[in-house]
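Below, each chain spelled out in residue letters.
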Amino acid sequence: MVYRRTPAVQARLDAQRALIVHGATRVLSRDGFAGLSMAAVAAEAGIATGTVYKQFENKAELVAAVFETVVAREVDAVRAAVADGDVVGRVTAAVETFAGRAMKNPKLAYVLLAEPVDAAVDAQRLEFRRAFAASFETAIAHGVAEGRLPAQDSSLTAAALVGAIGEVLVGPLAAAPHAETVIPELVAFAVRALGARPESL
């Protein structure tokens, strides 16, 4: 007879998994990928190390779960930011949201964007960038359709913008010099790169 978990057991396991992911997120935010270990996560979550291993086979699997959770939250924020307005307003909101949220938790953002990680986690990072690019693509395509932007491959432009923004943030996120100027400069760069019509500005 095959054992089937009761709803109560499954709920307990799900809550335990969420607790571990939350603990891992806090460790990553403080110590980065290099400082994360299963023991450190267990200590942060207030549970035994063996309990972490029951939920996640290894560090890479755990970090992938953190990426999935954090990225979903960040992508939802950017999608909400680009939901309304003209193209310049949408792109400005997307850049301000993407970069602004990154600057609020620089260590975690550095892990998500640039810190050397395992190959499996790097695959998650690629999905992270694609999801953000999709939000920018929506705003750019809208601007082209309205005649506010010159004809362009909105998918390519979106990917280029996300790559450029991520590259710029790596420096400030790692060292935080003159952080107050980073977001306005990124917004100005994005608008210039899109070729927005004067009436859109």
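Below: a short report on this structure.

Procedures and definitions
- Residues numbered from 1 in each chain as written.
- Predicted model: local features only at pLDDT ≥ 70, side-chain atom pairs only at ≥ 80, totals over all residues.
- Heavy atoms only, no water.
- Axes fitted to C-alpha atoms, helices over the stretch in contact; angles between N-to-C directions.
- Helix = DSSP H or I, 4+ residues; strand = E, 2+ residues; numbered from the N terminus.
- Parallel < 35°, antiparallel > 145°, perpendicular 65-115°, else oblique.
- Contact = heavy atoms within 4.5 Å.
- Nonpolar A, V, L, I, M, F, W, Y, C, P; charged D, E, K, R; others polar.
- Expected span 1.5 Å × (residues − 1).
- Polar contact = N/O pair within 3.5 Å; in protein donor to acceptor, adjacent residues only side chain to side chain.
- Left-handed = near helix turned anticlockwise from the far one by under 90°.
- Buried < 20%, exposed > 50% of the residue type's maximum accessible area, 1.4 Å probe, protein only.
- Lys, Arg positive; Asp, Glu negative; His and termini not counted.
- Salt bridge = Lys/Arg side-chain N within 4 Å of Asp/Glu carboxyl O.
- Phe/Tyr/Trp six-rings, centres within 6.5 Å; stacked < 30°, edge-to-face > 60°.
- Lys NZ or Arg CZ within 6 Å of the ring centre and 35° of its normal.

### Concerning the packing of helix H1 (residues 7-31) against helix H4 (residues 59-81)
A packed helix pair is summarised by two numbers, namely the angle formed by the two axes and the spacing between the axes. Between H1 and H4, the least distance of the axes is 9 Å, while the angle of their chain directions is 90°. With respect to each other, H1 and H4 are oriented roughly perpendicular. Taken together, the residues of H4 that come into contact with H1 (itself represented by Arg 17, Ile 20, Val 21, Ala 24, Thr 25 and Leu 28) are Leu 62, Ala 65, Val 66, Thr 69 and Val 70. For the contact of H1 with H4, a count of residues per class yields eight nonpolar, two polar and one charged.

### Comments concerning H4
In this model H4 runs 33 Å from its N-terminal to its C-terminal C-alpha over 23 residues, within 8% of the 33 Å that 1.5 Å per residue would give. The N-capping residue of H4, defined by a side-chain oxygen 3.3 Å from the backbone nitrogen of Ala 60, is Asn 58.

### Description of the packing of H4 against helix H5 (residues 87-104)
Packing of H4 against H5 brings their axes to within 8 Å, and their N-to-C directions diverge by 155°. As far as their axial angle goes, H5 and H4 are roughly antiparallel. When the axes of H4 and H5 are compared, the crossing they make is right-handed. On H5, the residues that touch Arg 73, Glu 74, Ala 77, Val 78 and Ala 81 of H4 are Ala 93, Ala 94, Thr 97, Phe 98 and Arg 101.

### Some details on the side chain of Ser 154
Checked against the element boundaries, Ser 154 lands in helix H8 (residues 154-175). Note on Ser 154: relative accessible area 14%, which makes it buried. With residues near it in sequence (within four places) discarded, Ser 154 still touches Glu 137, Ile 140 and Ala 141.

### With respect to the side chain of Glu 115
The topology assignment puts Glu 115 in the loop between helix H6 (106-113) and helix H7 (119-145). No salt bridge is formed by the buried Glu 115, whose closest oppositely charged neighbour, Lys 107, lies at an N-O distance of 6.2 Å. There is a polar contact of 2.9 Å between the side chain of Glu 115 and the backbone nitrogen of Phe 33. For Glu 115, the side chain forms a polar contact with the main-chain nitrogen of Ala 34, separated by 3.1 Å.

### Looking at the packing of aromatic side chains
Counted according to the given criterion, the structure contains two aromatic pairs. Residues Phe 98 and Phe 132 carry aromatic rings whose centres are separated by 4.4 Å and whose planes lie at 15° to one another, so their mutual orientation is stacked. Of the two residues, Phe 98 is situated in helix H5 and Phe 132 in helix H7; the sequence distance between them amounts to 34 residues. Of the two residues, Phe 98 and Phe 132, both sit in the buried class. The interplanar angle of 80° and the centroid separation of 4.9 Å between the aromatic rings of Phe 128 and Phe 132 together place this pair among those described as edge-to-face. Separated by four residues within a single helix, Phe 128 and Phe 132 lie in helix H7, roughly one turn from each other. Phe 128 sits in the buried class, given a relative accessible area of 3%. Taking the relative accessible area as the measure of exposure, Phe 132 reaches 2% and is therefore buried. The positively charged end of Lys 59 is found above the aromatic ring belonging to Phe 33, 4.2 Å away from the centroid.

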